[in-house]
Amino acid sequence: MCKTGDIIEGKVTDFGNTGEGIIKIGAFPVFVPYAIKGEIVRAKLNFVKKDYAFGDLIEVLNASDSRVKPRCPYYEKCGGCDLQHVDTATQLEIKRKNIENVLKKNAGIEYDVPLPVRGKDWEYRNKLALPFGYNKNSGRVYLGFFAKKTHKAVSMKWCPLHGEWAADLIGIVSDWANENKVSVYNETTGKGLLRHLVARYVSTMSLTLVINGTEIPESFSLYSRIEEKFPGVAVYISENRKNTNVIFGESCRLVYGKEEKQDLGAYSAVVSPLSFLQVNNEVRDLIYDEVSENLKDFDGDIIELYSGVGLLTAQLALRLKDSHITSVEIVPSAVENARALMNDLGIDKRVECICDDACNFVSKNTGKKKALVLDPPRTGCSAEVLESAIKGGFEKIIYVSCNPATLARDLNKLKEGYELKMVKPFDMFPQTCHVETVTLLSLREPKNGTKETT
């Protein structure tokens, strides 16, 4: 029986769902991060349960041809990436196989998933979210991602998933904080001011400082430095005094600069710091193109759930110029923002933005001459929404997912009334284990050949 601290040696027979290598001791699996399928490695067990264990990679005895040198000097320390040690082809295969395995295991669906569509390998992220840290030995404030499975930030000056803009911004903010001796929030004591730096850089930059307070000392000095490097920057403050893992407080307030429209491909719009926007511009547009392609010949109405401030809604409406789209969102302020966006783009006559619970709306708006677009958060759709969708008899359902596990769970329910027609992955997050998927379902044909309706 394996126990914590044991040293094992063996061949990596497969990859786990998050890209770790798997060594089998009999039928007992040991998951070893940074080990690659086909390699012979030595590892030390650090966590042992009845049915599985995790180990730390000690040495690669026989390396795979897929192994590459990570580009980032913080790799394996920072918790941001999982797969920098494997080449692009292997990364894509890991993600493809993961979707296949999860669909089969969690939904009983066997589908030959293609390799993910990919854009740039590096410098693709338009958003940066970093906690502040404080080094007691040096007495200096720093910024960095949390180490894996911890709340301790790893000090860093650069990230290869972002452009050089991130390195410039980290340097400016770190220097300002240290020169002005601004305190850093301590989770244990609840004291200290600076919590997180969140920046989004598309056409211009928006910067939000999340703080445990109301004001920031020498804030205009910070704004001036950033404005010099990034003209047109908008600086926000978000107050978060709670002991929570959630980054933002309940709101953000603009303190310097003005909100500028960002280039979102098909259109330009103001994007609030609290609004969701995909971090990879290139792959985002490829996903929107895919969703639109699967709806271009549909002559009925389109309903989009979980629509937020209407960013996806607008993308679809501008690509599908003859379609009528209803977007549904439960947050009133988001709906107001969506309506303003549709009006600004001149598509408000074809797009109706409704404030309602997704399940409540779908249960009252059914029919085979309608298509349903689902773009939920990582937690997936609620069981009530899925049940209403099945009863609704929609001609098509397009499901955009960022989590294969919840996608499979939801497809397991939807297959009661719908047939899976397409699963197409998109590599929104190169160098990590995460993947986005666009799935197409159509109403099942009953035995008499007429499509099922309610």
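Above this text is the structure in question.
Note that the coordinates shown come from a computational prediction; the quantities given were computed from them, not determined experimentally. (Residues numbered from 1 in each chain as written. Predicted model: local features only at pLDDT ≥ 70, side-chain atom pairs only at ≥ 80, totals over all residues. Heavy atoms only, no water.)

Another aspect to go through is the packing of aromatic side chains. In total, this model carries 10 aromatic pairs according to the counting rule given. Between Tyr 52 and Phe 54, the aromatic rings sit 6.1 Å apart at their centres with planes inclined by 90°, giving edge-to-face as the arrangement. For Tyr 52, a relative accessible area of 31% corresponds to the partly exposed category. Taken together, the ring pairs in this structure connect Phe 31, Phe 47, Tyr 52 and Phe 54 into an aromatic cluster. Note that Arg 195 overlies the ring of Tyr 185, its terminal NZ or CZ placed 4.0 Å from the centroid. (Phe/Tyr/Trp six-rings, centres within 6.5 Å; stacked < 30°, edge-to-face > 60°. Buried < 20%, exposed > 50% of the residue type's maximum accessible area, 1.4 Å probe, protein only. Lys NZ or Arg CZ within 6 Å of the ring centre and 35° of its normal.)

Time to look at the pairing of strand 15 (residues 301-305). By the criterion of burial, strand 15 is predominantly enclosed, with four of the five residues buried. Here strand 15 runs beside strand 18 (residues 370-374); their pairing, made up of five bridges, is parallel. Following the sheet pairing, Ile 302 is matched in strand 18 by Ala 371. Where strand 15 and strand 16 (residues 325-329) come together, four bridges link them in parallel fashion. Opposite Leu 305, over in strand 16, you have Val 328 as the bridge partner. (Helix = DSSP H or I, 4+ residues; strand = E, 2+ residues; numbered from the N terminus. Pairing = 2+ DSSP bridges.)

The next subject is helix 6 (residues 332-345). Between its first and last C-alpha, helix 6 extends 20 Å over 14 residues, near the 20 Å set by a 1.5 Å rise per residue. Taken residue by residue, helix 6 has Ala 334, Val 335, Ala 338, Leu 341 and Met 342 as its buried positions. Each buried residue of helix 6 lies within a common arc of 120° when the element is viewed along its axis, so the set occupies one face. Seen from the buried face of helix 6, the exposed residues on the opposite side, beyond 90 degrees, are Pro 332 and Asn 343. Here the buried face of helix 6 lies against strand 14 (268-270), helix 5 (311-319), strand 16 and strand 17 (351-355). (Expected span 1.5 Å × (residues − 1). Arc of directions from axis to C-beta. Contact = heavy atoms within 4.5 Å.)

Before going further, it helps to spend a moment on the side chain of Asn 240. The residue Asn 240 is located in the loop between strand 11 (234-239) and strand 12 (253-256) in this model. A polar contact is formed between the side chain of Asn 240 and the backbone oxygen of Val 246, at a distance of 3.0 Å. (Polar contact = N/O pair within 3.5 Å; in protein donor to acceptor, adjacent residues only side chain to side chain.)

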